[in-house]
Amino acid sequence: MMNVRDRFFHTVYENVKNGADIVIVSSDLGAPGLDDFRKDYPHRFVNTGIAEQNAIAAASGLALAGKTAIAYGLNPFSVTRTFDHIRNLMASLQIPFTVAALKAGTCTAQAGFSHIAAENISLLRTLHNIRIINPSDEMIAQKAAAEVYEKPQPRYIQFDPFIAGRLYTESEADFKKGFAVSGADSGTVIVSYGIWAYEIKKEIEKKHLPAKLIDCFALPADTDALLDEIKGCRKIITVEDGTDSGGIGSMMLEIMNDYGITIPLRRMSLRFRNGYPSVLTDREQIFKEENLTMDALRQEIESRRVLENQIIDTLKKETEAR
């Protein structure tokens, strides 16, 4: 079993062994999955130092020279510090290289708010023509590594170090569709990605959550296929380790508005109502403060059932009264 980052780089290494012309540009960041790559292919590994803008500029130049280039760095800096480069080189000029970044959401809250990648997905969703990938299992990470070489395009991948193991089959990790579906059709649909999709899927498999999960691991997802999955549901809950503005909840509201869909939707995300964390903390504490917990999700699912039962009881009484 590997975490998603190491599975990705292990697959990149195997692809290079098989002849893939891939160069990794690192902003002074390593990984266990990179050790063999650096040892066996030192001419394919470039370290720019802690300078994320330089790493992205170098990767774009390598891509223009015909190489498959991966700019590897630490979040949130791979997005927040380099946003202008990403906007111009990737979104505007459409230079086909990949930004791969370690850490997602609040997983490094112990290092302070400066290291919390809460806004990355929201920022990148403001740009067009960039593929955004959040691997929630090893299979998705493995297929993402293959896609980097087989389908060059502007692409951003973020790795949560706490996600490891396989939850999906190769066919379920369908990058054309962009999402995987788990669970029974109970009337409640949960839309998520990353660490929350990982945890929710495990709960559904244990039959601890009566809901259907749509794990949007690649954005933009196939809108028509997504609409088919929410058709007929009575409540949608979006859950994400990211800011409420512009994230997966906003994406669902935008799609539903565009297609005139009026299903009730509840967003569970980071709002920081009391301001950003001013002290060193951790992911679990932030989730607790933000009411972003599995218990809170269960209550949201149950609240729909209670409301439906109340409506049914009211209609039954009205019918009997007549």
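Residues numbered from 1 in each chain as written. Predicted model: local features only at pLDDT ≥ 70, side-chain atom pairs only at ≥ 80, totals over all residues. Heavy atoms only, no water.

A closer look at the overall build of the chain
A tally of helices and strands in the chain yields 12 helices and 12 strands. Across its three principal axes, the chain shows a C-alpha extent of roughly 80 × 45 × 40 Å. Taking all 322 residues of the chain together, the buried fraction comes to 54%. Across the chain, the fraction of contacts at a sequence separation of at least 24, relative to all contacts at a separation of at least 6, is 77%. A distance of 2 Å separates the average location of the 38 positive side-chain charges in the chain from that of its 43 negative side-chain charges. (Helix = DSSP H or I, 4+ residues; strand = E, 2+ residues; numbered from the N terminus. Buried < 20%, exposed > 50% of the residue type's maximum accessible area, 1.4 Å probe, protein only. Contact = heavy atoms within 4.5 Å. Lys, Arg positive; Asp, Glu negative; His and termini not counted. Charge placed at Lys NZ, Arg CZ, Asp CG, Glu CD.)

A look at the side chain of Ser78
Positionally, Ser78 belongs in helix α4 (residues 77-80). Excluding residues that lie within four positions of it along the chain, Ser78 makes contacts with Glu52, Ile56, Gly73, Ile86, Val99 and Ala101.

Considering the pattern of salt bridges
Taken as a whole and judged by the stated rule, the model has 20 salt bridges. Asp241 is paired through a salt bridge with Arg283; the nearest N and O atoms lie 3.0 Å apart. Of this pair, Asp241 sits in strand β11 (residues 235-243) while Arg283 sits in helix α11 (residues 283-289), placing them 42 residues apart in sequence. Judged by its relative accessible area of 6%, Arg283 falls in the buried class. Here Arg266 ties to Glu300 by a salt bridge, and the two come within 2.9 Å at their closest N and O atoms. Placement of Arg266 in strand β12 (residues 265-270) and of Glu300 in helix α12 (residues 294-321) is noted, with a sequence separation of 34 residues between them. The exposure class of Arg266 is partly exposed, given its relative accessible area of 28%. Given the relative accessible area of 17%, Glu300 is considered buried. (Salt bridge = Lys/Arg side-chain N within 4 Å of Asp/Glu carboxyl O.)

Some points on the sheet that holds strand β8 (residues 188-192)
Strand order in the open sheet formed by five strands is β7-β9-β8-β11-β12, with mixed pairing between adjacent strands. The open sheet has two free edges, formed respectively by β7 (180-183) and β12, since each of these has just one partner strand. Here the strands of the sheet are splayed against their neighbours by 20 degrees on average, with no regard to which way each runs. Sheet topology note: the β8/strand β9 (residues 212-215) ladder contains four bridges and is parallel. Residue pairing for β9: Ser192 is matched across the bridge by Asp215. (Pairing = 2+ DSSP bridges. Axes fitted to C-alpha atoms, helices over the stretch in contact; angles between N-to-C directions.)

Brief notes about the sheet that holds strand β10 (residues 218-219)
Spatially, the seven strands line up as an open sheet ordered β2-β1-β3-β4-β6-β5-β10, and their pairing is mixed. Lying at the two open borders of the sheet, with one neighbouring strand each, are β2 (45-47) and β10. Looking at chain direction, strand β1 (residues 22-26) and β2 are connected through three bridges and run parallel. Bridge pairing links Ser26 to Asn47 in β2. Lying on the sheet, helix α1 (residues 4-17) is in contact with β1, β3 (68-74), β4 (98-102) and β6 (155-159); it crosses β1 at an angle near 140 degrees. Of the strands in this sheet, β1, β3, β4, β5 (131-133) and β6 are in contact with helix α7 (residues 138-150), which crosses β6 at around 160 degrees.

With respect to unusual backbone geometry
With an omega dihedral of 5 degrees, the bond running from Asn75 to Pro76 counts as a cis peptide bond. Tracing the backbone shows Pro76 in the loop between β3 and α4. Here Leu219 and Pro220 are connected by a cis peptide whose omega angle stands at -5 degrees. Tracing the backbone through its elements, the reader meets Pro220 in the loop between β10 and α9 (223-230).

Digging into the packing of α9 against helix α10 (residues 248-258)
Put simply, α9 and α10 touch, their axes get as near as 12 Å, and they point 90 degrees apart. With respect to their mutual orientation, α9 and α10 come out roughly perpendicular. Taking contact as the criterion, the partners of Thr223, Leu226, Leu227 and Ile230 in α9 are, on α10, Met251, Met252, Ile255 and Met256. Partitioned by chemical class, the residues of the contact of α9 with α10 number seven nonpolar, one polar and no charged. (Parallel < 35°, antiparallel > 145°, perpendicular 65-115°, else oblique. Nonpolar A, V, L, I, M, F, W, Y, C, P; charged D, E, K, R; others polar.)

A short note on the environment of Arg155
As for its placement among the helices and strands, Arg155 is situated in strand β6. The exposure class of Arg155 is buried, given its relative accessible area of 0%. Sequence separation of Arg155 and Arg131 is 24 residues, and the distance between their C-alpha atoms is 4.5 Å. Not counting the four nearest positions on each side in its chain, Arg155 is found in contact with Met90, Phe97, Thr98, Val99, Ile130, Arg131, Ile133, Glu147 and Val148. Here the side chain of Arg155 touches Thr98 through a polar contact of 3.2 Å, side chain to side chain. (Polar contact = N/O pair within 3.5 Å; in protein donor to acceptor, adjacent residues only side chain to side chain.)

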